[in-house]
Amino acid sequence: MITINVDMDKCQHYGQCVFEAPDVFKLNDDDKLEFVATADDSRRSDIESAVDVCPMQAISVVE
Amino acid sequence: MSKSVVIVGASMGGLRAAEALRNNGFAGRITMIGEEAHLPYNRPPLSKEVLAKEVTHEAVAFKLRAQVEDVTWHLGDPATSVDLEKKVVTTASGKSFEYDGLVIASGLRPRVLDLPNGKISGRHTVRTLDDAIGLRAELVPGAAKVVVAGAGFIGCEVAATARGLGCEVTNVAIDPYPMIRPLGEQLAAELQRRHESHGVKFKLNHGISDLTGTEKISGVVLDNGEVIQADVLVEAISSHCNVEWLASTNLDVSNGVLADSALRAVTTDGKSVEGVYVVGDLARFANPLFDNEPRRIEHWNIPTETGKRVGSVLSAYLADAENFAELVATLFMPLPSFWSDQYDMKIQGFGMPGLADRYELVAGELSDELVMGYFRGEILIGVVGIGMTSEVMKYRKELVS
């Protein structure tokens, strides 16, 4: 399993991660980021893409 | 013998290319050659939140993934030439590096004003971490008088950050409105109004002709003779491409480095060079999402997009993979994206709004949160939002459909 961490002090809710891994990240009705904290290893590539596109570089994958 | 890749430019684009080479199965040696002494870091915060606080490498460094643990870093020693026939890169210190695959990711450097009394202290640019450390030291909260030359995104971000620190800020630009080229007149004029409401003064439609001061800047002289008192001048006017090290090659370096759709470098007579690839701000390539005109795109997601593309194609090339021709033929059409924090504004854009012949407010209010759509003919080619993320994302989907 992969553990996903988002630094909510850095996150500005730009939502670009949502396009890379919509099963992990979403914007709620108030345009605030919500995410699931763990994902299957098979999702690694898309989650790393979400890490890459985050303008605030707020997302990290904890091994 | 296993093959090797040299990546010239140890910043985001080079790093993403190295990761993508590994992700696509390339197991040979990767050497990253960088001018700066620092491991790769994220540049956008240097004009924003990091500049407002403490500028450290730790605050902006990219986490190095396990895939690139075995990469060789050759930092603080820029490439100065390459022999494309012998496949050797030479650095300033005289070291040479042979390669089977070469990635050109040497990026840009800021252009600075050529001024008669220019050799005095107090002049700054904001491209590198060291630039930002030097600038931060002079942004004395509540005291420094700052002139920002250039009203693009970086200039406006620096202006907003310096205002946030309580500095006196004047933005001087030859453009009629800040950020007008990507945003168009209506939104640019509104953003000027918002900057002014935060206390930034603008001197638009003006250039800078000289500085006053002996050892240190005391003022900035505009082209109409007006003098603005200043302790600090931040130059955010435009950039030079770092292509001098390619001067002895036959590559088309007239504006960045021309690349084909596989991002292979292209010669002045229009031939793609096998094994030589271009990544990031330097890459001038056609994007079929818009048209067939090769352009450089200086947006933050392009180093990542081009780095991934190059990692995929180059690893197939080096492995003599059967799918190489297929990968080369695959269309490359990354959606440019950009973002900017200024005061409490979260500005986010997608596509190429600067190519539009028409724009219209598609959601929100001009004086509040909003979404602006940019059109060429009837086709949406760009969207820019201030806030309203979900609305912006709806139009983003339309851009790629």
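Computed from a predicted structure; not experimentally measured.

## What to know about the overall build of chain A
Line of reasoning, step 1. Assigned secondary structure in chain A consists of 2 helices and 5 strands.
Line of reasoning, step 2. For chain A, the sequential pattern of α-helices and β-strands runs β-α-β-β-β-α-β.
Line of reasoning, step 3. Here chain A has a C-alpha radius of gyration of 10 Å; the compact-globule value for 63 residues is 11 Å, and the two agree.
Line of reasoning, step 4. Based on the C-alpha atoms only, the size of chain A along its principal axes is roughly 30 × 20 × 15 Å.
Line of reasoning, step 5. The burial tally for chain A puts 51% of its 63 residues in the buried class.
Line of reasoning, step 6. Intrachain contacts of chain A at a sequence separation of at least 6 include 60% that bridge at least 24 residues.
Line of reasoning, step 7. Surface exposure of chain A reaches about 3,100 Å², of which carbon and sulfur atoms provide 46%.
Line of reasoning, step 8. Where the 5 positive side-chain charges of chain A centre and where its 14 negative ones centre are 2 Å apart.

## Looking at the packing of helix α1 (residues 12-23) of chain B against helix α8 (residues 301-318) of chain B
Packed helix pairs are characterised by how far apart their axes lie and by the angle those axes make with each other.
Residue and element names in this part refer to chain B.
Line of reasoning, step 1. Orientation of α1 relative to α8, taken along the N-to-C sense of each, is 35°, at an axis distance of 7 Å. Crossing hand, α1 versus α8: right-handed. Along its contact with α1, which presents M12, G13, R16, A17, A20 and L21, the element α8 presents P303, T304, G307, K308, G311, L314 and S315.
Line of reasoning, step 2. The residue makeup of the contact of α1 with α8, split by class, is 6 nonpolar, 5 polar and 2 charged.

## So, the domain arrangement of chain B
Residues and elements named next belong to chain B.
Line of reasoning, step 1. By the assigned domains, chain B splits into domain 1 (4-108 + 241-329), domain 2 (112-237) and domain 3 (344-400).
Line of reasoning, step 2. Computed over C-alpha atoms, the centres of domain 1 and domain 2 are 31 Å apart.
Line of reasoning, step 3. With 16 residues of domain 1 at the contact, the number on the domain 2 side is 15 residues.
Line of reasoning, step 4. Its largest share of buried area at the contact with domain 2, domain 1 owes to S47, L51 and V55, together 38% of the area lost on that side.
Line of reasoning, step 5. On the surface where domain 1 and domain 2 come into contact, there are 2 salt bridges.
Line of reasoning, step 6. Salt-bridge contacts for D281 lead to R127; the nearest nitrogen and oxygen are separated by 3.0 Å.
Line of reasoning, step 7. Here domain 1 and domain 2 share 10 residue pairs in polar contact (both at pLDDT 80 or more) between them.
Line of reasoning, step 8. Contributing elements (two or more residues each) for the side of domain 1 that touches domain 2: α2 (49-52) and α3 (57-60).
Line of reasoning, step 9. Considered class by class, the residues forming the side of domain 1 that touches domain 2 number 7 nonpolar, 4 polar and 5 charged.

## Digging into the sheet that holds strand β7 (residues 101-104) of chain B
Residues and elements named next belong to chain B.
Line of reasoning, step 1. Overall, mixed pairing links the 6 strands, which are arranged β3-β2-β1-β7-β20-β19 in an open sheet. With partners counted over all chains shown, the strands left at the sheet margins are β3 (72-74) and β19 (264-266), one partner each. The average angle at which neighbouring strand axes cross in this sheet is 35°, direction not considered.
Line of reasoning, step 2. Looking at chain direction, strand β2 (residues 29-33) and β3 are connected through 3 bridges and run parallel. Among the inter-strand pairings, I33 is bridged to a residue of β3, identified as H74.
Line of reasoning, step 3. Running over the sheet, α1 touches β1 (4-8), β2, β3 and β7 and is turned about 175° from β2.
Line of reasoning, step 4. Set on the sheet, α8 makes contact with β1, β7 and β20 (272-278); between it and β20 the angle comes to about 140°.

## Some thoughts on the sheet that holds strand β4 (residues 79-83) of chain B
Two modes of strand pairing occur in sheets, parallel and antiparallel, and in both the strands are linked by backbone hydrogen bonds.
All names here are of chain B.
Line of reasoning, step 1. The 3 strands lie next to each other as β4-β5-β6, forming an open sheet whose pairing is antiparallel. Two strands in the sheet have a free side with no partner beyond their single neighbour: β4 and β6 (96-98). Averaged over all neighbouring strand pairs, the angle between strand axes comes to 20°, with direction disregarded.
Line of reasoning, step 2. Here 3 bridges tie strand β5 (residues 88-91) to β6, and the two strands are oriented antiparallel to one another. Bridge pairing in β6 places V88 opposite E98.

What counts and how
- Residues numbered from 1 in each chain as written.
- Chains lettered and ligands numbered in written order.
- Predicted model: local features only at pLDDT ≥ 70, side-chain atom pairs only at ≥ 80, totals over all residues.
- Heavy atoms only, no water.
- Helix = DSSP H or I, 4+ residues; strand = E, 2+ residues; numbered from the N terminus.
- Rg over C-alpha atoms; globule rule 2.2 N^0.38 Å.
- Buried < 20%, exposed > 50% of the residue type's maximum accessible area, 1.4 Å probe, protein only.
- Contact = heavy atoms within 4.5 Å.
- Areas by Shrake-Rupley, 256 points an atom, 1.4 Å probe, with all protein chains shown as cover.
- Lys, Arg positive; Asp, Glu negative; His and termini not counted.
- Charge placed at Lys NZ, Arg CZ, Asp CG, Glu CD.
- Axes fitted to C-alpha atoms, helices over the stretch in contact; angles between N-to-C directions.
- Left-handed = near helix turned anticlockwise from the far one by under 90°.
- Nonpolar A, V, L, I, M, F, W, Y, C, P; charged D, E, K, R; others polar.
- Domains from an automatic or database assignment.
- Buried area = accessible area lost by both parts, 1.4 Å probe.
- Salt bridge = Lys/Arg side-chain N within 4 Å of Asp/Glu carboxyl O.
- Polar contact = N/O pair within 3.5 Å; in protein donor to acceptor, adjacent residues only side chain to side chain.
- Pairing = 2+ DSSP bridges.

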